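One letter stands for each residue in the lines below.
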Amino acid sequence: MLVLSRKLGQRFEIGNDIRLTIVKIDKNSIRIGIEAPGDVTIRREEIAVADRELAAILDSAGGTVESAH
């Protein structure tokens, strides 16, 4: 894992077309702005995990699921 230190307003890039900006810093959280192409899926980890778990359940039952998030 790469760990970066950034201050409010500073950015970093992932590849050539994804940019993350630190837009707000609070006592216990930060807010990150993400600029990415429309074909890049961006989800919070807990949503991605829930989608995978649901897909596994439906797959074992013979169904399919598309992300509702």
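Below is a short write-up of the structure. (Residues numbered from 1 in each chain as written. Predicted model: local features only at pLDDT ≥ 70, side-chain atom pairs only at ≥ 80, totals over all residues. Heavy atoms only, no water.)

### Section: a nonpolar patch on the surface
A cluster of nonpolar side chains, contributed by L8, I25, I30, I32, I34, V40 and I42, occupies part of the molecular surface with about 590 Å² of accessible area. In terms of residues, the nonpolar patch owes the most to one element, strand β3 (residues 30-35), which gives three residues. Within the secondary structure, V40 sits in the loop between β3 and α1 (45-60). Assessed through its relative accessible area of 31%, V40 is described here as partly exposed. (Patch = residues over 30% accessible without salt bridge, like charges linked within 9 Å, V, L, I, M, F, W, Y side chains within 5 Å. Areas by Shrake-Rupley, 256 points an atom, 1.4 Å probe, with all protein chains shown as cover. Salt bridge = Lys/Arg side-chain N within 4 Å of Asp/Glu carboxyl O. Helix = DSSP H or I, 4+ residues; strand = E, 2+ residues; numbered from the N terminus. Buried < 20%, exposed > 50% of the residue type's maximum accessible area, 1.4 Å probe, protein only.)

### Describing the pattern of salt bridges
Enumeration over the complete set of coordinates arrives at two salt bridges. Between R43 and D51 there is a salt bridge, with the nearest N and O atoms lying 2.8 Å from each other. The salt bridge involving R44 is made with E46; its shortest N-O contact spans 2.6 Å. With relative accessibility at 48%, the residue E46 sits in the partly exposed group.

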